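# Geometric and topological summary
If you want the building blocks of each chain, they are given just below.
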Amino acid sequence: MLWNGWGDPAKAAPLPDAVAGLLHDLLGVRPSPSTPVALKDLELSDPTLTPAALKDLADAVGTADHVRTDAESRVRHIRGKSTPDLLRIRAGDVTDVPQAVVLPASHEEVLAVLRACAAHAVAVVPFGGGTSVVGGLAPERGEFIALDLRRMDALLDLDPVSRTAVLQPGLRGPQAEALLAAQGFTLGHFPQSFEWATVGGFAAARSSGQASAGYGRFDEMVLGLTLATPEGTIETGRAPRSAAGPDLRQLVLGSEGAFGVITSVTVRVRPQPEQRLYEGWRFATFAEGAAALRRLAQDGPRPTVLRLSDETETLVGLAQPDAIGAALADGGTGCLAVTGYEGTSADTARRREEAAAVLRECGGTLVGIEPGERWAHGRYEAPYLRDALLDAGAFAETLETAAFWSRIPELYTAVRTALTDTLTGAGTPPLVMCHISHVYENGASLYFTVVSAQGEDPVAHWTPAKHAANEAVLAAGGTISHHHGVGTDHRDWYVREAGPLAVDALRAVKARLDPAGLLNPGVLLPTD
Ligand SMILES: Cc1cc2nc3c(=O)[nH]c(=O)nc-3n(C[C@H](O)[C@H](O)[C@H](O)COP(=O)(O)OP(=O)(O)OC[C@H]3O[C@@H](n4cnc5c(N)ncnc54)[C@H](O)[C@@H]3O)c2cc1C
C-alpha cells in the first residue's frame, strides 16, 4: 500500500486528458503548487515508549522483531485513507503517528499485548488494512501503539455441511477469497477497498460490499466473533440464531476497536458461483431508476449487484466529461443502472429474465452487457484516480448515508444542496455525484462523490462542507453512516443520532471491557 496514497504504486492511474480539461474548465482547478513531502523528509518525534514497555510488548509477541519503532513502519500506520488523511500526510503532518507497531500472531498474543499496554498505560489502535475513511485509526491520545493484525491471516476452519468458515482478522479480501475458493466457496464481500481491507476491519466497521443485494452486508454474514479485551475474552455465535438473550454479535459489530480486538470471525459462505454476468440499463431520471430498484428490492427478484448512478455520475462514468457542462444545463441525459447476477447458470438466467421484465415495466432500457462488464472490470480502480486528482490540484472525497425509501428523495436533495452551497460559497463550486448501491426492502444507501478545486488549506476548506452534509443527513432523516462507520469524524453526529441514554449505555460497556480507556480512545465514543 502506498504510504501517502492509495493501493499498489504499480497501478497508479494517470488523469485522462478529458478529465484534466473538465477540471480546469468546469471547476476552475489550477495545478497544485506543492508536491507531497517525501518519506525521508517527514519529521517524526522520537518514540517515547520506555524500555520496560518495549520489553513487555516483545515478550507478548514472542520477539522484538514484531515490535517495530522505525520511522517507515510508524508512518505506514498513521491514520487511514480519507482524503483529509491523504492531504495531511502529503503535507508532511505526522502528528498522529503511533509510537510503535506491534504484530501479534494469535488471540493469546493479543491478550498479552493488551495486558502489557494496561501495565504501561499505553493506548492501543487495532489496525487491519488501514483503509478507514472516518478517522477510525486516529485516537485522541498522543501515545499509542498500532496493533497490526496482518500475521493473523489463516482460515481456521471450514464446515462445508453448515457452510460456515472461521477466519482470522488480518486476512485481506483477496486472501480470504482465495482460501475459500480453494475449497469451492466464496464470502461474496467485495467493497471497493476489497484489495486492502481486512476481515477484522469489515466486522469492526460494519462494511458493505458492492454485491450486497445478493450476498448481504458483512454484518449479515457474521455468525460469531471472538473479542479480546483488557478484561478477558468474549465469544459469540454458538448457533446460527439464538433466543438466549440479546445478540452480543451486534455489540461487537461496528464497535471499531473501542471495546476490544476481534481475533476471529465465523462467517457464512456460499458455493463459488458458476456464472457471473453484469449488464447496464438506462433510466430517464434518477427518481425513475430509484423506483425500479425499490421494486426489485421489495418484490424481487434480487440481482446480486444492483446500482444506479445519478445523471452527473452517469456522464462522468461514461468518460464523457466534455459533455457534462452542456448536459447539466440541458437537465441531464439519463441514468445508468448496473445489474449483476452470480450463481448457478439456471438461477442467474431465471433472475435475469424476471428482473428484466420488472426493469422494463419501470421504464428501463437495456443498454447491454458492455457497461456492466466495464463496471465490473474497473470496480477497484476509482481510488487510484483520487491520487491523480490530488496531484492535479483537485479535491475529491466521498460520503455515504442511508434512509427509508420514502426519505430518499429529500435526503438526496438535502446533501447535494449542502455540499454545493458550502463549497460554492467558499469559491470552489463542486461537481456532486451520487449513486445507490445498497438496497433493502425498506430503504437504501446514498453514496456521494464530491470533486472541486482545492482551497488554500484543503482540509480546512473541506471541513465546513462535510459538516454541512452531516447536518443535512440528520435533518433529512438519514443515518450518519451506512457502511464507513463512525470513527472520530462522525462521532459527534453519531452521539446525536443515538441519543444520550444509548451513548451512556455504550460507555458503560466500554468501562467494563476497557476500564482504563486504552482501546481507540475517542473513536466511536467521546472520551469525556
Ligand atoms: C478507496 C476506499 C474504498 C472503500 N470502499 C468501501 C466499500 O465499498 N464498502 C465499505 O464498507 N467500506 C469501504 N471503505 C471503507 C473501509 O475500507 C472499510 O471501513 C473497511 O471495513 C475497513 O477495513 P480495514 O481492514 O482497512 O480496517 P482499518 O481501517 O484498519 O480499521 C477500521 C476500524 O476498525 C478497527 N479495527 C480494525 N481491525 C480490527 C479488529 N480486528 N478488531 C477490532 N477493531 C478493528 C480500527 O481500529 C478502526 O477503528 C473504503 C475505503 C477506501 C479508502
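Residues numbered from 1 in each chain as written. Predicted model: local features only at pLDDT ≥ 70, side-chain atom pairs only at ≥ 80, totals over all residues.

## What to know about the overall build of the protein chain
If you tally the helices and strands in the protein chain, you get 20 helices and 18 strands. Oriented by its inertia axes, the alpha-carbon framework of the protein chain measures out at about 70 × 60 × 45 Å. Counting the 528 residues in the protein chain, one finds 49% classified as buried. For the protein chain, the proportion of contacts with a sequence separation of at least 24, taken over those separated by at least 6, is 75%. (Helix = DSSP H or I, 4+ residues; strand = E, 2+ residues; numbered from the N terminus. Buried ≥ 20, exposed ≤ 12 C-beta atoms within 10 Å, placed from the backbone. Contact = placed C-beta atoms within 7 Å.)

## Section: the site of the ligand
The local shell around the ligand holds 38 residues, among which Gly128, Gly129, Gly136, Gly200 and Gly201 are the closest. Of all the secondary-structure elements, those providing two or more residues to the shell around the ligand are β3 (123-127), α7 (199-204) and β10 (261-268). Looking at which element gives the most residues to the shell around the ligand, the answer is α7, with four residues. Mapping the shell around the ligand onto the domain boundaries places at least three of its residues in each of domain 1 (35-148) and domain 2 (155-271). (Near = placed C-beta within 6 Å. Domains from an automatic or database assignment.)

## Re the sheet that holds β10
Ordered in space as β5-β6-β10-β8-β9, the five strands form an open sheet in which the pairing is antiparallel. Of all strands in the sheet, those bounded by a partner on one side alone are β5 (155-159) and β9 (232-236). This sheet shows a mean twist of 10° between the axes of neighbouring strands, independent of strand direction. In this sheet, β10 lies alongside strand β8 (residues 222-229) in antiparallel orientation, the contact comprising six bridges. What sits directly across from Thr226, in β10, is Ser264. The strands touched by helix α5 (residues 107-120) are β8 and β10; relative to β8, the strand with the most contacts, the crossing angle is about 40°. (Pairing = 2+ DSSP bridges. Axes fitted to C-alpha atoms, helices over the stretch in contact; angles between N-to-C directions.)

## Topic: the confidence of the model for the protein chain
Residues with a pLDDT of 70 or more make up 97% of the protein chain, whose mean pLDDT is 95. The ipTM for the predicted assembly is 1.00, set against a pTM of 0.97. (pLDDT = per-residue confidence, 0-100.)

## Thoughts on the environment of Ala13
For Ala13, the location among the structural elements is in the segment before α1 (17-27). Placed 371 residues apart in sequence, Ala13 and Tyr384 show a C-alpha to C-alpha distance of 5.8 Å.

## Comments concerning unusual backbone geometry
Cis peptide bonds are those with omega within 30 degrees of zero, and the linkage from Gly300 to Pro301 qualifies with -5°. Tracing the backbone through its elements, the reader meets Pro301 in the loop between α11 (286-299) and β13 (305-309). Within the chain, Arg206 stands out as a residue other than glycine whose phi angle is a positive 50°. As for its position among the elements, Arg206 is in the loop between α7 and α8 (212-215). Phi at Asn520 is positive, roughly 45°, even though this residue is not glycine. When you line up the elements, Asn520 lands in the segment after α20 (500-513). Residue classification places Asn520 among the buried positions, given that 32 C-beta atoms sit within 10 Å.

## Some thoughts on the packing of helix α17 (residues 408-425) against helix α18 (residues 458-475)
In contact at an axis separation of 8 Å, α17 and α18 are set at 155° when each is read in the N-to-C sense. As summarised for this structure, α17 and α18 are arranged roughly antiparallel, according to the angle between their axes. The two elements α17 and α18 cross, and the hand of that crossing is right-handed. Contacts from Ala414, Val415, Ala418, Leu419, Thr422 and Leu423 in α17 reach Pro464, Ala465, Ala468, Ala469, Glu471, Ala472, Val473 and Ala475 in α18. (Parallel < 35°, antiparallel > 145°, perpendicular 65-115°, else oblique. Left-handed = near helix turned anticlockwise from the far one by under 90°.)

## So, helix α14 (residues 345-361)
Counted at 1.5 Å a residue, the expected span for α14 with its 17 residues is 24 Å, and the 24 Å between its end C-alpha atoms agrees. Every buried residue of α14 is listed here: Thr348, Arg351, Ala355 and Leu359. Axial view of α14: buried residues confined to an arc of 70°, hence all on one face. Those residues of α14 that are exposed and aimed more than 90 degrees away from the buried face are Ala346, Glu353, Ala357 and Glu361. If you follow the buried residues of α14, they end up packed against β12 (275-283), α11 and β14 (335-343). Trailing α14 by a residue or two, Gly363 shows a phi angle of about 100°, which is positive. (Expected span 1.5 Å × (residues − 1). Arc of directions from axis to C-beta.)

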